[in-house]
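# Structural features, examined
Each chain is listed here by its residues.
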Amino acid sequence: MKDDTDKKFMREAIKEAKKAYRKDEVPIGAVVVWKGKIVGRGHNQVEQKKSATAHAEIMAISSATRKLGGWRLTGCSLYATVEPCLMCFGAAILSRISRLIYGTPEPKFGFIKRITKLPDSPEIRSGLLGDECRDLLGRFFKKLRK
């Protein structure tokens, strides 16, 4: 059952990534879930906002904190299509995200695989719908290089 629920929310993160793709942004999407409901959504908006901090995870976390009325997201899960970078992983930890689920690894900027030990880090699950997440990134960069 948990796997079906995780897939359902990862598909929502993929929808967010497709929004970024249509805007010629790197297609990464994220959603924050609390008590079985999406409370935050985000997709990359780095180019649009001209800000290196406008990553999908940051946008979703910010959206969730506004909706829930506080910065602590204890009990929430963050679904991201791509392995979070150092900044996004840090934001997840600082906001007290309880679970982090991501689709595909990011060999250049992904930070999860580099962690050796962190106190009170969230439960982490990787590879969920990874092929679909990876294919979307591949199509974007192939289009970019034409």
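Residues numbered from 1 in each chain as written. Predicted model: local features only at pLDDT ≥ 70, side-chain atom pairs only at ≥ 80, totals over all residues. Heavy atoms only, no water.

Below, the discussion takes up the overall build of the protein chain. Of regular secondary structure, the protein chain possesses five helices and five strands. Going from the N terminus to the C terminus, the protein chain shows its helices and strands as α-β-β-α-α-β-α-β-β-α. For the protein chain, long-range pairs separated by at least 24 residues make up 58% of all intrachain contacts whose partners lie at least 6 apart in sequence. Summed over all atoms, the accessible surface of the protein chain reaches about 8200 Å², with 55% contributed by carbon and sulfur. (Helix = DSSP H or I, 4+ residues; strand = E, 2+ residues; numbered from the N terminus. Contact = heavy atoms within 4.5 Å. Areas by Shrake-Rupley, 256 points an atom, 1.4 Å probe, with all protein chains shown as cover.)

Moving on, we come to the sheet that holds strand 1 (residues 29–34). Strands sit in the order 2-1-3-4-5 across an open sheet of five strands; the sheet is mixed. At either end of the open sheet lies a strand with only one pairing partner, and these are strand 2 (37–43) and strand 5 (123–126). Between one strand and the next, the sheet's axes are offset by a mean angle of 15 degrees, whatever the strand orientation. Two strands pair when backbone bridges link them, and strand 1 and strand 3 (residues 76–82) are joined in this way by five bridges, in the antiparallel orientation. Each residue of the ladder has a partner; that of A30, found in strand 3, is A80. Strand contacts of helix 1 (residues 2–22): strand 1, strand 2, strand 3, strand 4 (99–104) and strand 5, with the helix running at about 140 degrees to strand 1, the strand carrying the most contacts. Sheet strands in contact with helix 3 (residues 56–68) are strand 1, strand 2 and strand 3, and its direction is about 140 degrees off that of strand 2. (Pairing = 2+ DSSP bridges. Axes fitted to C-alpha atoms, helices over the stretch in contact; angles between N-to-C directions.)

By size, the foremost hydrophobic cluster in this structure holds 24 residues, and its most contacted members are A30, V32, I61, L73, L78 and I97. Of all the elements in the fold, those that place two or more residues in this core are strand 1, helix 3, strand 3, helix 4 (86–94) and strand 4. At five residues, helix 3 tops the list of elements feeding residues into this core. Other than its neighbours up to four places away in sequence, A30 contacts A13, E16, G40, R41, G42, A56, E57, A60, L78, Y79 and A80. (Core = buried A, V, L, I, M, F, W, Y, C linked by side-chain atoms within 4.5 Å. Buried < 20%, exposed > 50% of the residue type's maximum accessible area, 1.4 Å probe, protein only.)

All chains considered together, the criterion is met by three aromatic pairs. A centroid spacing of 6.0 Å and a plane angle of 65 degrees characterise the contact between Y21 and F140, whose relative ring orientation is edge-to-face. Of this pair, Y21 sits in helix 1 while F140 sits in helix 5 (residues 130–144), and the two are 119 residues apart along the sequence. Classification of F140 as buried rests on a relative accessible area of 3%. (Phe/Tyr/Trp six-rings, centres within 6.5 Å; stacked < 30°, edge-to-face > 60°.)

End to end, helix 3 covers 18 Å across 13 residues, agreeing with the expected 18 Å (1.5 Å per residue, within 8%). Taken together, the buried positions of helix 3 are A56, E57, I58, M59, A60, I61, S63, A64 and T65. For helix 3, the secondary structure elements touched by its buried residues are strand 1, strand 2, helix 2 (46–49), strand 3 and helix 4. In the segment just after helix 3, G69 is the residue with positive phi, at about 80 degrees. (Expected span 1.5 Å × (residues − 1).)

Take it as geometry only, folks, not as evidence of what the structure does.
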